Amino acid sequence: MLPAVCGLFRQSSSLFRVHTVGGGLFVAKMAGTMDSYRERSRPSSDLAAFRDHFVKAKNIVVLSGAGISAESGVPTFRGAGGFWRKWQAQDLATPQAFRANPSLVWEFYHYRREVMLTKSPNAGHIAIAECEECLAKQGRNVVVITQNIDELHKRAGSKKIIELHGCLFRTRCTRCSHVEENRKSPIAPSLAGKGAPDPDATDARIPIEDLPRCEHAGCGGLLRPHVVWFGESLDPDVLTRTDQELDKCDLCLVVGTSSVVYPAAMYAPMLAGRGIPVAEFNIEETPATNQLGFHFHGPSGEWLPKALAPHDNEKTT
């Protein structure tokens, strides 16, 4: 079994890939150099050329980020104006914030859970899911590796999904570590009507005993969202599954990701460095854009239905 990607660094002009192996590290030299990455020409926006790769691909990986969810109206809590009350996500999505003020953190996540009940997958999500279903009949594989925690890919119909950062609708007990799906609305009676994003909203200051509690085997421990917070490591099993998919990938789509959050930010450049066709679909350029083969500027909901449409010989009558 191949180890999970952990990091990327340079020494002189060479690139090295860092893996986790048990409790230690394994370092492997990658093909290509930093200079060769810089010297890449501007990416193509030729959809026909992309489709030539698409028709031949057997193992397609879709790397998705907040941008595709934003097209469904999901708040990203990043960039200018990306605040919940007076905080951005990185202020609240940390173990330290949860220890200091679990009531405030739960208000934030309760708000996010409730918002998701009003949102639906968009044309980009649906195009990916329909592509997976269509290509599966031909023995071809489509897997989504997402940084998003909102389940919109799942609701669109995608089956093969790796959630790098967890899911809003799963909880983990801080006492017994039990993880389970939780779709209660509200997740606890004390949070009903709480979590308003208005900067002038008053913090609820809910007593800790009234916050969501573990019901597994009478545990009663404090629950937390089963998501990866800033400063926490990704699940090693998730990283291993991701690495397995990347190793067999022969076409990669990067959809709505800022390419600044690691380790996901290094996946597309790493594949491109191996000579794999990589296409970015985004409303803006990212730090990875000039390292990739294709860039399609605009909403994924406009591009993906065209990019992933069945070819004429695949369409059913």
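Below you will find a few notes about this structure. (Residues numbered from 1 in each chain as written. Predicted model: local features only at pLDDT ≥ 70, side-chain atom pairs only at ≥ 80, totals over all residues. Heavy atoms only, no water.)

**Examining the overall build of the protein chain**
So, step 1. Counting secondary structure elements, the protein chain contains 11 helices and 12 strands.
So, step 2. By residue count, 50% of the 317 residues in the protein chain fall in the buried class.
So, step 3. Considering only intrachain contacts with a sequence separation of at least 6, the fraction spanning at least 24 residues in the protein chain is 67%.
So, step 4. Carbon and sulfur atoms make up 52% of the accessible area of the protein chain, which totals about 15000 Å². (Helix = DSSP H or I, 4+ residues; strand = E, 2+ residues; numbered from the N terminus. Buried < 20%, exposed > 50% of the residue type's maximum accessible area, 1.4 Å probe, protein only. Contact = heavy atoms within 4.5 Å. Areas by Shrake-Rupley, 256 points an atom, 1.4 Å probe, with all protein chains shown as cover.)

**Considering the pattern of salt bridges**
So, step 1. Counted by the stated rule, this structure contains 10 salt bridges.
So, step 2. Among the salt bridges present, the one from Lys184 reaches Glu215, with a minimum N-O distance of 2.9 Å. Of the two residues, Lys184 sits in the loop between strand 8 (179-181) and strand 9 (223-227) while Glu215 sits in the loop between strand 8 and strand 9, which places them 31 residues apart along the sequence.
So, step 3. On the basis of relative accessible area, Lys184 is assigned to the partly exposed category, the value being 40%.
So, step 4. The salt bridge partner of Arg224 is Glu232, with a shortest N-O separation of 2.8 Å.
So, step 5. You can call Arg224 buried: its relative accessible area is 7%.
So, step 6. Residue Glu232 is classed as partly exposed on the basis of its relative accessible area, which comes to 24%.
So, step 7. Linked through salt bridges whose partners overlap, the residues forming this network are Glu151, Lys154, Glu181 and Arg183. (Salt bridge = Lys/Arg side-chain N within 4 Å of Asp/Glu carboxyl O.)

**With respect to the sheet that holds strand 12 (residues 294-297)**
So, step 1. The strand order across the open sheet built from six strands is 6-5-4-10-11-12, with neighbouring strands paired in parallel fashion. Only two strands of the sheet have a single neighbouring strand rather than two, namely strand 6 (161-163) and strand 12. Neighbour-to-neighbour, the strand axes of this sheet turn through a mean angle of 15 degrees, independent of strand direction.
So, step 2. Sheet contacts for helix 7 (residues 123-136): strand 4 (59-64) and strand 5 (141-146); angle to strand 5, the most-contacted strand, approximately 150 degrees. (Pairing = 2+ DSSP bridges. Axes fitted to C-alpha atoms, helices over the stretch in contact; angles between N-to-C directions.)

**Things to note about the side chain of Ser158**
So, step 1. Tracing the sequence through the fold places Ser158 in the loop between helix 8 (152-156) and strand 6.
So, step 2. Not counting the four nearest positions on each side in its chain, Ser158 is found in contact with Ile128, Ala129, Glu132, Val144 and His153.

**Some words on the nonpolar core**
So, step 1. By size, the foremost hydrophobic cluster in this structure holds 34 residues, and its most contacted members are Trp84, Trp106, Phe108, Tyr109 and Trp229.
So, step 2. Elements with a minimum of two residues in this core: helix 4 (89-92), helix 5 (95-100), helix 6 (102-116), strand 7 (166-173) and strand 9.
So, step 3. Residue contributions to this core peak at eight residues, all from helix 6.
So, step 4. In this view, Trp106 contacts Phe98, Thr171, Ile187, Leu191, Leu211, Pro212, Leu223, Arg224 and Pro225; residues no more than four positions away in its chain are not counted. (Core = buried A, V, L, I, M, F, W, Y, C linked by side-chain atoms within 4.5 Å.)

**So, the packing of aromatic side chains**
So, step 1. Per the counting criterion, the structure on display carries 12 aromatic pairs.
So, step 2. Between Phe50 and Phe296 the ring centres are 6.0 Å apart and the planes differ by 75 degrees, which places this aromatic pair in the edge-to-face class. Taken together, the residues Phe50 in helix 2 (residues 47-56) and Phe296 in strand 12 connect sequence positions 246 residues apart. Here Phe50 and Phe296 have matching classes, each one buried. (Phe/Tyr/Trp six-rings, centres within 6.5 Å; stacked < 30°, edge-to-face > 60°.)

**Concerning unusual backbone geometry**
So, step 1. Residue Pro186 is bonded to the preceding Ser185 through a cis peptide linkage, with omega at 0 degrees.
So, step 2. Each neighbour pair has its own omega, and for Tyr262 with Pro263 the value is 10 degrees, a cis peptide bond.
So, step 3. As for its position among the elements, Pro263 is in the loop between strand 10 (251-255) and helix 10 (267-273).
So, step 4. Its identity is not glycine, yet Glu151 carries a phi of approximately 70 degrees, on the positive side.
So, step 5. If you trace the backbone, Glu151 turns up in the loop between strand 5 and helix 8.
So, step 6. A residue is classified by how much of its surface remains accessible, and Glu151, at 7% relative accessible area, is buried.
So, step 7. The backbone of Ser177 sits at a positive phi, close to 70 degrees, despite the residue not being glycine.
So, step 8. Within the secondary structure layout, Ser177 lies in the loop between strand 7 and strand 8.

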